[in-house]
Amino acid sequence: MKLTTAGESHGKALIGIIEGLPSGLKIDLAEINRYLALRQSGYGRGGRQKIEKDEAEIISGVRNTFTLGSPLSFAVINRDYENWRKVMAPEGCDVSQRQLAKVRPGHADLTGLIKYAQNDARNILERASARETAARVVAGTVSRQFLKTLGVEISGYVKSVCGIEDNGEYSFGQLEEAKSQPLFMLDGSIQERAMRKINSLKEEGDTAGGIIEIRVKGLKSGFGSCMRYADKLDAILCGALMSVQAIKGVEVGLGFSCAQLEGSRVHDEIYYEENKFFRKTNNAGGIEGGMSNGEEIVLRAAMKPIPTLMKGLNTVDYLTKQPAVAAAERSDVCAVCAAEIILESVTASALAEVVCSRLGGDNMDEIIERYEKLQ
Ligand code: EPS
């Protein structure tokens, strides 16, 4: 299974092509649109989300709601394109308008300008923008529907915003509650504090990031590999999380805390009862030796603060080489909720690919039969 995305933030549309999907998978378009709406939601988003109302149009690969086994292609139209046509139209436009030279620290602007030999950072930021993730949510929700047929589910929540952290422990079932909360947090009073922090950052023209926890329930053991480094499940999943805009750190299970503890407090002891191996703890986060071990997979990702600050950071004008204040027109103050949905989605896509490459199969019946035979 392979996903290609295309599209500029203020261009006509975001496009995706998923290759390698088996035939016979039922596609629920309403669910795809529900996750697209969730990606747009959350406390701290900026003005752009009032313009967009993301909906996926499936263009190929599905007939009468079932996949055909052919490439599934889709589009999400950018409503804002109508306001940008005169500076973005591929057929011809006025590129002298909306130029960006006061490159933003933390954004792709400066390095992209140099790498792609451009004079206008708009030619960089339009694609580097996190708007691209709408396409990854569409593909991720298709993958989520594929995994669901095997009994594999993905959920998550926002654990911290700008250092305001929830250290509670939650069962998988409790996580779904997060999506009805303004910041996808599970502790009401911590969430209130985080919302107040976002309010004050907005007034100051500043931004915030946070930590997001993603969990996978129901995946059987043995996915990934201890034989080939490139097939290690933790490497694949961490790579998927790191591919999301603004993610600067990822961990599995205890993650960075492992380094501070003795082995006896880290490794999950093994038991056997009623013909089944099990562990009473899950510090490994469901992955040992690069393979799923049948426990819940626990991933955490750190999102940096949005790099467009209304108050502007010190920078240099790319064209004049003079000191300047970085460009800012409108911006999100905090997009941790969007990141939560995106991280679930890329986890789903990466896992679906791992499952397909292990099980093979051209149609869903074949895949379900092969999965059921596994321990
Ligand atoms: C983004 C800048 C903002 C965000 C955008 C990502 O867009 P604009 O420049 O149009 O105000 O809202 O995210 C989205 C549009 C989205 O749908 O997530 C950036 O520079 O990365």
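In this text the structure is predicted, and so the values were computed from the model without any measurement.

Q: Can you explain the sheet that holds strand S6 (residues 72–77)? Please cite residues and give values.
A: In space, the 4 strands of this open sheet follow the order S1-S2-S6-S3, with antiparallel pairing throughout. Two strands in the sheet have a free side with no partner beyond their single neighbour: strand S1 (2–6) and strand S3 (56–60). In this sheet, neighbouring strand axes are inclined to one another by 20° on average, regardless of whether the strands run parallel or antiparallel. As paired strands, strand S2 (residues 13–19) and S6 are joined by 6 bridges and run antiparallel to one another. Residue pairing across strands places Ile 15 opposite Ala 75, the latter belonging to S6. Those strands touched by helix H1 (residues 29–40) are S3 and S6, and its axis lies near 135° from that of S3.

Q: Tell me about the pattern of salt bridges, and please be specific about residues and values.
A: Across all of its chains, the model carries 29 salt bridges by this definition. A salt bridge links Lys 179 to Glu 340; the nearest nitrogen and oxygen atoms lie 3.8 Å apart. Of the two residues, Lys 179 sits in the loop between helix H7 (172–175) and helix H8 (188–204) while Glu 340 sits in helix H10 (residues 336–359), which places them 161 residues apart along the sequence. What makes Lys 179 buried here is its relative accessible area of 12%. The class for Glu 340 is buried, based on a relative accessible area of 0%. A single salt-bridge network, built from bridges that share partners, covers Arg 39, Arg 48, Glu 52, Asp 54, Asp 80, Arg 131 and Arg 330.

Reading the values: the criteria
- Residues numbered from 1 in each chain as written.
- Predicted model: local features only at pLDDT ≥ 70, side-chain atom pairs only at ≥ 80, totals over all residues.
- Heavy atoms only, no water.
- Pairing = 2+ DSSP bridges.
- Helix = DSSP H or I, 4+ residues; strand = E, 2+ residues; numbered from the N terminus.
- Axes fitted to C-alpha atoms, helices over the stretch in contact; angles between N-to-C directions.
- Contact = heavy atoms within 4.5 Å.
- Salt bridge = Lys/Arg side-chain N within 4 Å of Asp/Glu carboxyl O.
- Buried < 20%, exposed > 50% of the residue type's maximum accessible area, 1.4 Å probe, protein only.

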